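Below are the chains, spelled out letter by letter.
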Amino acid sequence: MSNSKIGLYYKNVMADIIGSEHGITSQQMDDLAKETAPLISKLNAERNEGKTPYRDLPYKTEISQDVQDLASRFEEECENLVVLGIGGSALGSIALQTALNPYMYNLDSVQREGPRLFVFDNVDPQQFGSFLDWTSDKLEKTVFNVISKSGRTSETAAQFMIVCQMLSDILGAESLRDHVVATTDAKKGTLRTITDELRLRCLEVPDGVGGRFSVLSAVGLFSAAMCGIDIDLLLEGARDMDKRVSDTNFSQNPAAINAAIQHHFYNRGKNISVMMPYCYALKDLCDWYRQLWAESLGKEVNLKGEKVFVGPTPVKALGTTDQHSQVQLYREGPNDKLFTFLQVDNFDKDIEISPAPDCAPELGFLAGANLSRLLNSEKAATEYALLQSKRPCLTVHFDKVDAYSVGQFIYLYEVTTSFAGALFDINPYDQPAVELGKEATFALMGHPDYQDLAAKIQPVNNIDEKFMV
Ligand code: PA5
């Protein structure tokens, strides 16, 4: 049990801090409460009616049990775990690994409690080829977790076909059963067909849960459990956050407040939402958030079928790195952004800064301080500078980064997304605009069912030399 409760701090979006031209006045905050409070009961009711099954994942003990059982099956013999997936089938695994395992996990067996983890969410031949070269003589100790709800995603399918061939060629066709875990829909889809046909070991993508809301299912939990992450604590964190984000008292509900603030600023022309962690371990959670926010909220039509073309643009920046890359723009460029810092109070490890060289006494002010103090001072300094430029800032405070706090964070942002969807009056659970690109890829790759589309794409694909300089 951990008590590392995360908190959303929102004073620095208020007009008292940054002025009423850019900040939220008390009256506006009261209005936001009135507008958003009824949505809490609405979302709670939808959840009770089974319309948002992702909300129940932290309570599904059978999922974590299946995951743990399968992970222990591989405990002894797996030295390399390779996740093949993309979008919601990959970003959660990457985020959990970066957040909860040491930076040198893959390289240092002393710091590692499980197999090395590689997540391939692309089809770059050089990258994948280099990995296959490395792994081809290590296949005996390698497990591939192919994750695809639909099974028809070209990237994942292509990776999987290559890996199956390599396993068959090197270890024999029978080896697939011992070296592949398929995570897919329980009943339908291409990967389900393959799984049944080849009798592969498998885990399920729960019914009604879209990829970007699936990290707390077997999709994200299997690689986490394999790599020594405490998935029970992760789910406990999510369950505890569930209580907070179900609270019908708006002023106590961090997801409702977060969504209300985000929606409010979007409507005032601040349509870019920058998430900036001051903690390397949290950086890939921002990629996960980016997909969640962009695919869920970027929509052409609202629930009434009207064209609305809405959606805040999520941007990821890393403190302090991006202070030296982005902050000039963030302070003096257009005031069109809402900032969310992620701040950690207690790091697992800290390092004292050594004495300054005698020839540079001007660096003495740093000597003897811990790096965590420097990092958090940089956060405070950047926030102060942004506030001076009247830029609204939120902070998610982590007492420490552990499975419990990360579970809370994931659930907080999933439910914030549901609230934001309700405020924008759009469906946050579909992604119709991703389909055309997927189908165009089928067409360009010669899929027989997409020949008409291939003909339409051809003119776009042909280079017109007049426009090449
Ligand atoms: O969030 C989503 O639904 C998407 O990002 C999908 O996860 C992604 O497109 C991969 O789809 P699939 O799991 O069907 O291969």
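Residues numbered from 1 in each chain as written. Predicted model: local features only at pLDDT ≥ 70, side-chain atom pairs only at ≥ 80, totals over all residues. Heavy atoms only, no water.

Trainee: I keep staring at the overall build of the chain and nothing clicks. Help me out?
Mentor: What the chain contains, in helices and strands, is 17 helices and twelve strands. Against the globule reference of 23 Å for 469 residues, the chain gives a C-alpha radius of gyration of 24 Å, in line with a compact fold. Counting only C-alpha atoms and orienting by the principal axes, one finds that the chain spans roughly 65 × 65 × 60 Å. For the chain, the residues scored as buried account for 50% of the 469 residues in total. Accessible area of the chain: about 22,200 Å², with a carbon and sulfur share of 51%. Positive and negative side-chain charges in the chain, numbering 44 and 64 respectively, have mean positions lying 4 Å apart. (Helix = DSSP H or I, 4+ residues; strand = E, 2+ residues; numbered from the N terminus. Rg over C-alpha atoms; globule rule 2.2 N^0.38 Å. Buried < 20%, exposed > 50% of the residue type's maximum accessible area, 1.4 Å probe, protein only. Areas by Shrake-Rupley, 256 points an atom, 1.4 Å probe, with all protein chains shown as cover. Lys, Arg positive; Asp, Glu negative; His and termini not counted. Charge placed at Lys NZ, Arg CZ, Asp CG, Glu CD.)

Trainee: When you look at helix α2 (residues 26-48) in this model, what are you seeing that I'm missing?
Mentor: Counting along an α-helix, one turn takes 3.6 residues, and residues three or four places apart therefore face a common direction. Here α2 spans 33 Å end to end across 23 residues, near enough to the 33 Å set by a 1.5 Å rise per residue. The sharpest bend along α2 comes to roughly 25 degrees, located at Glu-35, with the proline Pro-38 sitting one to four residues further on. Taken together, the buried residues of α2 touch α10 (231-245), α11 (254-267) and α15 (403-424). Phi turns positive one or two residues past the end of α2, at Gly-50, with a value near 80 degrees. (Expected span 1.5 Å × (residues − 1). Bend = angle between axes of the 7 residues up to and from the residue. Contact = heavy atoms within 4.5 Å.)

Trainee: When you look at the domain arrangement of the chain in this model, what are you seeing that I'm missing?
Mentor: It is common to report an interface's size as the accessible area lost on association of the parts. Taken domain by domain, the chain consists of domain 1 (6-48 + 233-424) and domain 2 (55-232). Relative placement of domain 1 and domain 2: their C-alpha centres are 30 Å apart. The interface is formed by 31 residues belonging to domain 1 together with 24 residues belonging to domain 2. Among the residues of domain 1 in contact with domain 2, Arg-47, Leu-234 and Leu-235 are the three that bury the most area, contributing 23% of the side total. Notably, a salt bridge pairs Glu-295 with Arg-212, separated by 3.1 Å at the nearest N-O pair. Summed over the shared surface of domain 1 and domain 2, the number is 20 residue pairs in polar contact (both at pLDDT 80 or more). If you list the elements that add at least two residues to the side of domain 1 that touches domain 2, you get α2, α10, α12 (283-297) and α15. (Domains from an automatic or database assignment. Buried area = accessible area lost by both parts, 1.4 Å probe. Salt bridge = Lys/Arg side-chain N within 4 Å of Asp/Glu carboxyl O. Polar contact = N/O pair within 3.5 Å; in protein donor to acceptor, adjacent residues only side chain to side chain.)

Trainee: Whenever I open this one, the sheet that holds strand β1 (residues 7-9) confuses me. Can you help?
Mentor: Paired through their backbone hydrogen bonds, the strands of a sheet run either parallel or antiparallel. Taken together, five strands build an open sheet; the order of strands is β1-β12-β11-β7-β10 and the sheet is mixed. Two strands bound the open sheet, and with one partner strand each, they are β1 and β10 (313-316). Shown here is a sheet whose adjacent strand axes are inclined to one another by a mean of 20 degrees, direction ignored. As defined by bridge partners, strand β7 (residues 272-277) adjoins β10 across four bridges and the pair is classed as parallel. (Pairing = 2+ DSSP bridges. Axes fitted to C-alpha atoms, helices over the stretch in contact; angles between N-to-C directions.)

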